[in-house]
Amino acid sequence: MRRSGILMPISSLPGPYGIGTFSKEAYRFVDFLAAAGQSVWQILPLGPTGYGDSPYQSFSTFAGNPYFIDLEALIREKALTRKECEALDWGGSVEYVDYEKMYISRFIALRKAFGRARKTLSQDEDFFEFIKKNYDWVADYALYMAIKDANGGKCWIEWEEDIRLRRPEALEKCREEYTEDILFYEYLQYQFDKQWTRLKAYANQKGIKIVGDVPIYVAFDSMDTWANPELFQLDEDRVPIAVAGCPPDAFSATGQLWGNPLYAWDYHKKTGYAWWISRMKHCFALYDIVRIDHFRGFDEYYSIPYGTETAVNGKWLPGPGIELFEQMEKALGRQEVVAEDLGVLTDSVLAMVKATGYPGMKPLQFAFGGDAANQYLPHNYDKNCVVYTGTHDNQTTRGWYHTLDKKTKKHLKEYAEVDSEDEVNSRLIRLAMMSVADTAVIPMQDYLDLGDEARINTPSTLGDNWKWRMKKDAATKELAKNILRLTKFYNRYNA
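Small disclaimer: the values here were computed from a predicted structure and weren't measured. (Residues numbered from 1 in each chain as written. Predicted model: local features only at pLDDT ≥ 70, side-chain atom pairs only at ≥ 80, totals over all residues. Heavy atoms only, no water.)

A. View of the overall build of the protein. For the protein, the helix and strand inventory stands at 19 helices and twelve strands. Relative to the 2.2 N^0.38 estimate, which gives 23 Å for 495 residues, the radius of gyration of the protein is 23 Å and therefore close to what a compact globule would have. Taken across its 495 residues, the protein has 57% of its residues classed as buried. Pairs at least 24 apart in sequence give 72% of the contacts found in the protein among residues at least 6 apart. Of note, the protein has its 60 positive side-chain charges centred 6 Å away from the centre of its 70 negative side-chain charges. (Helix = DSSP H or I, 4+ residues; strand = E, 2+ residues; numbered from the N terminus. Rg over C-alpha atoms; globule rule 2.2 N^0.38 Å. Buried < 20%, exposed > 50% of the residue type's maximum accessible area, 1.4 Å probe, protein only. Contact = heavy atoms within 4.5 Å. Lys, Arg positive; Asp, Glu negative; His and termini not counted. Charge placed at Lys NZ, Arg CZ, Asp CG, Glu CD.)

B. Molecular detail of the side chain of threonine 356. Looking at where threonine 356 falls in the secondary structure, it is placed in helix H14 (residues 347–356). Polar contacts involving the side chain of threonine 356 include one to the main-chain amide nitrogen of tyrosine 358, which spans 3.1 Å. Once residues lying within four places of it in the same chain are set aside, the contact partners of threonine 356 are Phe295, Ile322, Phe325 and Arg334. (Polar contact = N/O pair within 3.5 Å; in protein donor to acceptor, adjacent residues only side chain to side chain.)

C. Unusual backbone geometry, seen in detail. Within the chain, aspartate 53 stands out as a residue other than glycine whose phi angle is a positive 65°. Relative to the elements of secondary structure, aspartate 53 occurs in the loop between strand E2 (40–42) and helix H2 (71–76). The residue asparagine 491 is not glycine, and still its phi comes out positive at about 60°. Counting through the fold element by element, asparagine 491 comes out in the segment after helix H19 (477–489).

D. Looking closely at the environment of aspartate 452. Among the secondary structure elements, aspartate 452 is positioned in the loop between helix H18 (444–447) and H19. Classification of aspartate 452 by relative accessible area gives partly exposed; the value is 33%. Spatially, the C-alpha atom of aspartate 452 lies 36 Å from that of tyrosine 141, the residues being 311 residues apart in sequence. Discounting chain neighbours no more than four positions away, the residues touching aspartate 452 are Gln395, Thr396, Gly399 and Trp400. At a separation of 3.4 Å, a polar atom in the side chain of aspartate 452 contacts the main-chain amide nitrogen of threonine 396.

E. Spotlight on the pattern of salt bridges. Counting across every chain of the model gives 28 salt bridges. Notably, a salt bridge pairs glutamate 336 with lysine 209, separated by 2.8 Å at the nearest N-O pair. Remark: lysine 209 occurs in strand E3 (residues 209–214) and glutamate 336 occurs in the loop between helix H13 (322–332) and strand E9 (337–339); sequence separation between them is 127 residues. Note on lysine 209: relative accessible area 33%, which makes it partly exposed. Here lysine 269 makes a salt bridge to glutamate 323, at a shortest N to O gap of 2.8 Å. Here lysine 269, found in helix H11 (residues 265–270), pairs with glutamate 323, found in helix H13; they are 54 residues apart in sequence, far enough to count as distant. (Salt bridge = Lys/Arg side-chain N within 4 Å of Asp/Glu carboxyl O.)

F. Focus on the pairing of strand E1 (residues 3–7). The buried fraction of E1 is high, at five of five residues. Neither face of E1 is left uncovered, since the one carrying Arg3, Gly5 and Leu7 and the one carrying Ser4 and Ile6 both have all their residues buried. As judged from the three bridges shared by E1 and E2, these two strands associate in the parallel manner. Among the inter-strand pairings, glycine 5 is bridged to a residue of E2, identified as valine 40. Tracing the backbone out of E1, into helix H1 (residues 24–35) and back to the parallel element E2 gives a crossover that is right-handed. (Pairing = 2+ DSSP bridges. Right-handed = clockwise from strand over helix to strand, strands pointing away.)

G. Inspection of the nonpolar core at higher detail. Ranked by internal contacts, the top residues of the largest apolar core, which has 163 residues, are Phe29, Trp41, Trp196, Trp226, Phe298 and Leu412. At eleven residues, helix H9 (residues 179–205) tops the list of elements feeding residues into this core. Residues contacting tryptophan 196, with those up to four places away along its chain left out, are Ile10, Phe22, Ile43, Leu46, Ile210, Leu286 and Tyr287. (Core = buried A, V, L, I, M, F, W, Y, C linked by side-chain atoms within 4.5 Å.)

In short, geometric facts, not functional conclusions.
Dropping the structure here:
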């Protein structure tokens, strides 16, 4: 079935309180997608973020980000007043997230809402049902965040030894001492789940599937690592033995040092990959389709000795391979997965992707400047793939065009019949939509013809990412009509 969709992070939606949320603007965006004849809404990871604000470095792979809780819904529940929300400082721009101000104001508002909801929470059957259903992760997450707050936000490796090593008596003492804070974080997860479930159901009713994004790794500073040290390559003191990254390449002479803990794959294998199956089951409850990041890492992963300052001295080691996905399908049935198979791919990685049957990714920004055999050129696709103009890690297409050398521009002009900068977006979008790829996904910034001021992320940089927000009235009826016309023209419309 041919289909198309739009890549648009929740954080990038418009709205009054500093960041995109599960608000009326999110529902309006679903209406826009439906009016444009789209079948897919691709988002970025929904986990709670910390330092650097990256959704790929989350305090929990199971929990949801409190930033996305709609404060308007809490106003309707009488947990907040509009005046209280409007009195807070959300930053001075509607086009960019000011994370510091937004974080401070949001938690003031959420603490206030919890204080009022606290009185009736003990009678809320839905709340207790949520806690019971998700106890396997929510209890550890709420405890983790409460202890983290009590320690001034420090990473768990810096906590007192008894707590760091999860000795039962110490944990019980924390549960008693931080009862209210634990309940606060449980309340946030309840609100997140309630609001997201409602938004997803609305999208599904409109015929739109949600594509969620699952990072291969978890953050070291996370509940996952603290609560489940046996899953990772840690020593007896819980210090990493080696960490994740990428080797040196044309983009970086010293490689990329991500710093995530690496999985103890031998342990996962002994358990039948129980944690991974649990993780993916949770994801398939949140999303309709799951994009798994850095798919290569399941075939071979790059291991960098802990404590080194660059990725130069790392080495490739074998991952779980196809066995993990066989076990996952056995436990969960056949699910829709997209494999993020970008980068340098070995024959064994290509064989693994083919064996899973998962569609890979084809960003058109990778297609030009080489020869006719480039796998990202549309004439080389088979239909089992997802084509993009670019991803959240790329420049916007307009911004990308400005950086091209003469050879690449010449190739682009001849292949896509691009004559000027003003045509580059429309031509690449049309190229994606007309391709044989089963699914075409276009970043919202490209439909809006924006430059690099709207770029989501520049890999291996800190401080200026994940900030872009769409202007309130940008997703117009006229734009929806234009996208619908293109979608029907290339047989991607599914009424």
